[in-house]
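# Descriptive structure summary
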Amino acid sequence: MSEEKAPSLPSTASPPPHKQSLIARVNTHLQTAVVPTSPGTTWAMAFASFMTGYTSAVSFTACYIWAGFQTGGTIQLGLALARLFSTPKPRDYTFQHPDQQALTSLLSFILGTSLGRLGDKIGPKKRVWLVSASLVQALCMLAAALCAKFSGETGFADSRGEPSWITPLGLAALGFASASLGIQGIIGKRLNTQFATALVLTTIWVELINDPLLFARKHVKSRDHKAFGIFACFLGGLLGRALLDKTSSAATLGVGAGLRVLGGVAWWFIAGESEKKKDVEAK
């Protein structure tokens, strides 16, 4: 009597990539973590440094506030509080425009960078988070451009005592610009590259000048990437101010929104961990 064959169980293995649906392949690609040491990531962080200079050029020209450098804003708020106790009677209890702008920038930056908590849950190096966060930055820049446009202000400060962007819409423009850089800061921090947060250059300058291989006549990653980031930030400030002089703060921020979209699209093409493993196995 012949033995009966046991019924075979359905296979649970996922289909090969070329047999997956388009949606499944897109989702798989988005869930891939990028490689922080890849050349693509290096260029993406250099672009982030460029956008730091570009965005800060607009905010500083308008109200002498660096949208991405919150050390100055924090100290400025401390000075505002000290003024309440140091001025002769009758004391000045007014919340002056520069102090309002410093507080707006700081709180907006904090709100923007707090989105990094969501990124930690999704995966700080996953492509889906990097693309999404970049598009949110683009929306912040677009909102800043619209607020600057309809504020009716020039976007050029006459002096430190007479800044622009003092209306509610002007303050909103500063806030959205600061929030965009807050998101950028946590992206850079989590990727942990030589560009650091791609915001604060003080630490990068210190590490660059004290690099043991500062004067080496060869490619040194720790030195070259830091120097590249500094140059990109400088170039962003230069081009941002040049465009600002030819157009307006609203137009310059609008161009920045478009650049942020391109930066988000770029994360799609940067090498992921799965691609790197395939390249290693092929070798």
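Below is a short write-up of the structure. Just so you know, these numbers come straight off a predicted model, no measurement behind them.

This brings us to the overall build of the protein. Helix and strand content of the protein: 11 helices and zero strands. When contacts within the protein are restricted to residue pairs at least 6 apart in sequence, those whose partners lie at least 24 apart make up 76%. Carbon and sulfur atoms make up 67% of the accessible area of the protein, which amounts to about 16,000 Å² in all.

Right, let's talk about unusual backbone geometry for a bit. Non-glycine residue N192 carries a positive phi angle of around 55°. Following the sequence through the fold, N192 ends up in the loop between α7 (168-191) and α8 (201-209). Given a relative accessible area of 64%, N192 falls into the exposed group. Of note, the phi angle at A196 is positive, near 55°, even though the residue is not glycine. With respect to the secondary-structure elements, A196 resides in the loop between α7 and α8. Classification of A196 by relative accessible area gives partly exposed; the value is 32%.

Turning next to the pattern of salt bridges. Across all of its chains, the model carries five salt bridges by this definition. For the salt bridge of D99 with R83, the shortest nitrogen-to-oxygen distance reads 2.6 Å. Note that D99 is positioned in helix α4 (residues 97-113) and R83 in helix α3 (residues 70-86), a separation of 16 residues in sequence. The exposure class assigned to D99 is buried, which follows from its relative accessible area of 4%. For D245, the salt bridge goes to R241, with nearest N and O atoms at 3.1 Å. In this pair, D245 and R241 both sit in helix α9 (residues 221-246), four residues apart, roughly one turn of the helix. Residue classification places D245 among the partly exposed residues on the basis of a relative accessible area of 47%. Residue classification places R241 among the partly exposed positions, given a relative accessible area of 35%.

A word on α4. The end-to-end C-alpha distance of α4, which contains 17 residues, comes to 24 Å, matching closely the 24 Å that a straight helix rising 1.5 Å per residue would cover. All of the buried residues in α4 are D99, Q101, A102, S105, L106, S108, F109 and G112. Summarising the contacts, the buried residues of α4 are in contact with α2 (39-63), α3, α5 (116-122) and α7.

Let us look at α3. Turn by turn, an α-helix covers 3.6 residues, leaving residues three or four places apart pointing in a common direction. Here α3 contains 17 residues, and its C-alpha end-to-end distance of 24 Å stays within 8% of the 24 Å for a straight helix at 1.5 Å per residue. Turning to α3, the residues buried within the fold contact α4.

C63, A148, W165 and L253 are the most contacted members of the largest nonpolar core, which totals 20 residues. At the level of secondary structure, the elements contributing two or more residues to this core comprise α2, α6 (127-150), α7 and α10 (249-269). In terms of residue count, the dominant contributor to this core is α2 (six residues). Look past the residues within four positions of A148 in its chain and what remains in contact with it is E153, W165, A173, S249, A250 and L253. Of all hydrophobic cores here, the second largest spans 16 residues; its members include A48, A133, L191 and I270.

Criteria and thresholds
- Residues numbered from 1 in each chain as written.
- Predicted model: local features only at pLDDT ≥ 70, side-chain atom pairs only at ≥ 80, totals over all residues.
- Heavy atoms only, no water.
- Helix = DSSP H or I, 4+ residues; strand = E, 2+ residues; numbered from the N terminus.
- Contact = heavy atoms within 4.5 Å.
- Areas by Shrake-Rupley, 256 points an atom, 1.4 Å probe, with all protein chains shown as cover.
- Buried < 20%, exposed > 50% of the residue type's maximum accessible area, 1.4 Å probe, protein only.
- Salt bridge = Lys/Arg side-chain N within 4 Å of Asp/Glu carboxyl O.
- Expected span 1.5 Å × (residues − 1).
- Core = buried A, V, L, I, M, F, W, Y, C linked by side-chain atoms within 4.5 Å.

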